[in-house]
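# Descriptive analysis of the structure
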Amino acid sequence: MTSDLTTRFPLGASVTAAELEADPHPALARLRAAEPVSWLPALGGWLVTARAPAVRVMRDAAAFTVDDPRFSTARVVGPSMLSLDGPVHARHRDPFARPFRPARTRERFTAFVEDEVDRLVTALAPAGRAELRADLAGPLAVAVVAEALGLDGVDAATIRSWYGAFVDAVSAITAGGPLGGTVSERSSDAYARLRAAVENAIGEADGGADGGADGGAGSLLAEAARHEAGLTTAEVVANAAILMFGGIDTTEGMIANAALHLLSDPGQLRLVLDDPDLLPGAIEESLRLEPSASVVDRYATRDVDLDTGNGTGVTVRAGDLVRVSIAAANRDPALFPDPDRFDVRRGNAGDHLAFARGPHFCFGAHLARLEARTALAALLERLPGLRLDPSRDAAPRGLVFRKPPALHVLWDR
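Scope of this entry: the structure provided in the associated data block. This structure is a prediction, so every number in the text was calculated from the model and none was measured. (Residues numbered from 1 in each chain as written. Predicted model: local features only at pLDDT ≥ 70, side-chain atom pairs only at ≥ 80, totals over all residues. Heavy atoms only, no water.)

This part is about the side chain of glutamate 131. As for its position among the elements, glutamate 131 is in strand S4 (residues 129-131). The side chain of glutamate 131 sits in the buried core without any salt bridge; arginine 133 is the nearest counter-charge, 5.5 Å away. Of note is the side chain of glutamate 131, whose polar atom sits 3.1 Å from the backbone nitrogen of alanine 134. A distance of 2.7 Å separates the side chain of glutamate 131 from the backbone nitrogen of leucine 407, its partner in a polar contact. Residue contacts for glutamate 131: discarding those within four places in its chain leaves Leu136, Ala406, Leu407 and His408. (Helix = DSSP H or I, 4+ residues; strand = E, 2+ residues; numbered from the N terminus. Buried < 20%, exposed > 50% of the residue type's maximum accessible area, 1.4 Å probe, protein only. Lys, Arg positive; Asp, Glu negative; His and termini not counted. Salt bridge = Lys/Arg side-chain N within 4 Å of Asp/Glu carboxyl O. Polar contact = N/O pair within 3.5 Å; in protein donor to acceptor, adjacent residues only side chain to side chain. Contact = heavy atoms within 4.5 Å.)

And the structure:
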């Protein structure tokens with residue numbers, strides 16, 4: 001069957017994982033135009049690059065599920081809201097989702113985010129240069145996750161090391177490699193340490209917090225543990241790890257990518273500097289152009305005829321991996337004219353799929369946007385002449401999580 005698929009989808013057969021990690025957009029554009037649902041031997045499954053079938057796959061959890069033993073995050077941290085569907089998915093998700101609704105997000109986190117950004121930018125300003133991932137985007141994302149989860153007494157470097165170990169393990173699995181050796185040891189050690197911290201946070205909250213929805217710093221983990229859903233400690237730990245993925249890695253990437261897009265285009269940057277009200281639109285356009293989480297995985301629960309969106313269809317067999325390229329769907333010219341152009345005034349930029357669709361839509365989207373808006377506004381307002389360091393490469397990389405490996409910038413002191 002595999003040889004037949006390779007013959008039927010020659011473009012897909014020619015794409016390599018290295019190409020998708022380095023600069024996937026030319027290959028994704030070719031696939032979207034000719035093979036919008038294609039078989040990629042390099043990924044061991046289907047790759048969906050057109051928007052219409054991408055939305056179908058993400059919304060139809062009955063036909064395309066995450067609940068499969070091959071699912072990458074489940075293999076690293078165990079079953080969680082990200083790797084379950086149906087009622088059991090709701091059982092894992094509901095205890096964590098409520099505090100991240102828009103009004104509660106603004107009330108709970110606005111002052112904290114503003115204070116953290118002020119502290120970080122104030123420390124940077126005298127130097128005239130910085131690496132924005134390590135000096136701003138990463139520390140901000142870590143601080144917010146620590147605050148949200150209530151991981152008191154755990155320093156930022158430790159939290160970064162945990163989620164870094166999880167990201168490396170998930171990336172290794174997604175690339176088709178075995179999970180073993182140092183990567184496996186690091187992720188196992190990170191999980192054990194995270195579990196100890198979660199148990200400590202739950203225990204402290206049970207011993208002193210009032211248990212209300214707006215209780216102490218440990219209230220989110222404690223609420224999840226006490227919720228009527230009856231999550232076990234292991235399940236709380238797995239979901240805390242998932243919140244690290246969404247709250248740290250992808251938010252850090254979101255901020256770095258948006259800064260890169262703005263600083264790479266002087267004309268668009270000038271528009272935002274002249275009219276700061278364009279900043280939210282610029283962030284949405286950056287999310288469209290380079291989502292920090294570029295793919296999501298699903299597994300077919302049965303044989304499914306999937307419309308490719310160009311008048312043809314393919315039959316996906318039960319058990320097949322179906323990988324949705326959010327990066328490709330976000331550049332579908334059927335919805336986004338001139339899709340490779342960064343346009344802060346694009347009217348429908350918010351129709352991107354960077355936070356997914358369907359039951360696994362990211363409930364932390366409002367918090368991530370708050371962090372990105374606050375951080376970028378402070379950078380543009382307080383660092384005059386902010387620009388990329390022309391001597392340093394800033395091209396995004398990553399098969400799953402895409403962002404610049406480093407983002408070096410300069411400004412006028």
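From this point, things continue past the structure.
What follows concerns the nonpolar core. With 107 residues, the main nonpolar core has Phe96, Trp162, Phe166, Leu221 and Met244 as its most contacted residues. The leading source of residues in this core is helix H13 (residues 233-264), at 18 residues. Excluding anything up to four places from it in sequence, tryptophan 162 contacts Leu151, Val154, Ala190, Arg193, Leu194, Ala197 and Met244. (Core = buried A, V, L, I, M, F, W, Y, C linked by side-chain atoms within 4.5 Å.)

A few words now on the sheet that holds strand S9 (residues 387-388). Within the open sheet, the three strands sit side by side as S4-S10-S9. Their pairing is antiparallel. Two strands close off the open sheet at either side, each with one partner strand: S4 and S9. (Pairing = 2+ DSSP bridges.)

Take the sheet that holds strand S5 (residues 295-300) next. With mixed pairing, five strands are arranged side by side in an open sheet as S1-S2-S8-S5-S3. The outermost strands of the open sheet, each flanked by one partner alone, are strand S1 (37-40) and strand S3 (64-65). By the bridge criterion, five bridges tie S5 to strand S8 (residues 321-325) in an arrangement that is antiparallel. Residue valine 296 lies in a different strand from S8, and its bridge partner there is valine 324.

Glancing now at helix H9 (residues 132-149). Over its 18 residues, H9 runs 24 Å from end to end, which matches the ideal 26 Å to within 8%, given 1.5 Å per residue. For H9, the principal kink sits at glycine 138 and spans about 35°; a proline, proline 139, occurs within the next four residues. Judged by how many residues are buried, H9 sits mostly within the fold: 14 of 18 residues are covered. Taking the backbone nitrogen of arginine 133 as reference, a side-chain oxygen 2.9 Å away marks glutamate 131 as the first, capping residue of H9. Taken from the residues just after H9, glycine 150 is the one with a positive phi, measuring 80°. (Expected span 1.5 Å × (residues − 1). Bend = angle between axes of the 7 residues up to and from the residue.)

The final tally for this structure, using the stated rule, is 26 salt bridges. The partner of arginine 56 in a salt bridge is aspartate 60, and the shortest N-O contact between them spans 3.3 Å. Between arginine 133 and glutamate 252 there is a salt bridge, and its shortest N-O distance comes to 2.6 Å. You can see arginine 133 sitting in helix H9 and its partner glutamate 252 sitting in helix H13, a full 119 residues away along the chain. The pair arginine 133 / glutamate 252 is uniform in exposure class, with both members buried. Taken together, the shared-partner salt bridges connect Arg133, Arg160 and Glu252 into one network.

Counting buried positions along S5 gives six out of six residues, so the element sits mostly inside the fold. Residue alternation in S5 divides its side chains into two sets, Val295, Asp297 and Tyr299 and Val296, Arg298 and Ala300, and both sets are buried. Where S3 and S5 come together, two bridges link them in antiparallel fashion. Looking at S5, one finds that phenylalanine 64 is bridged to alanine 300.

Let us now look at the environment of alanine 259. Here alanine 259 lies in helix H13. On the basis of relative accessible area, alanine 259 is assigned to the buried category, the value being 4%. Considered as a pair, alanine 259 and arginine 387 are 128 residues apart in the sequence and their alpha carbons are 9.5 Å apart. When residues no more than four places from it in sequence are discounted, the contact partners of alanine 259 are Leu132, Leu376 and Leu407.

Right, let's get into the environment of glycine 319. Tracing the chain through its elements places glycine 319 in the loop between strand S7 (313-316) and S8. Look at glycine 319 and you get partly exposed, because its relative accessible area is 28%. In sequence terms glycine 319 and tyrosine 299 are 20 residues apart; their C-alpha atoms lie 5.8 Å from each other. In this structure, glycine 319 is in contact with Arg70, Tyr299 and Ala300, ignoring residues within four places of it in sequence.

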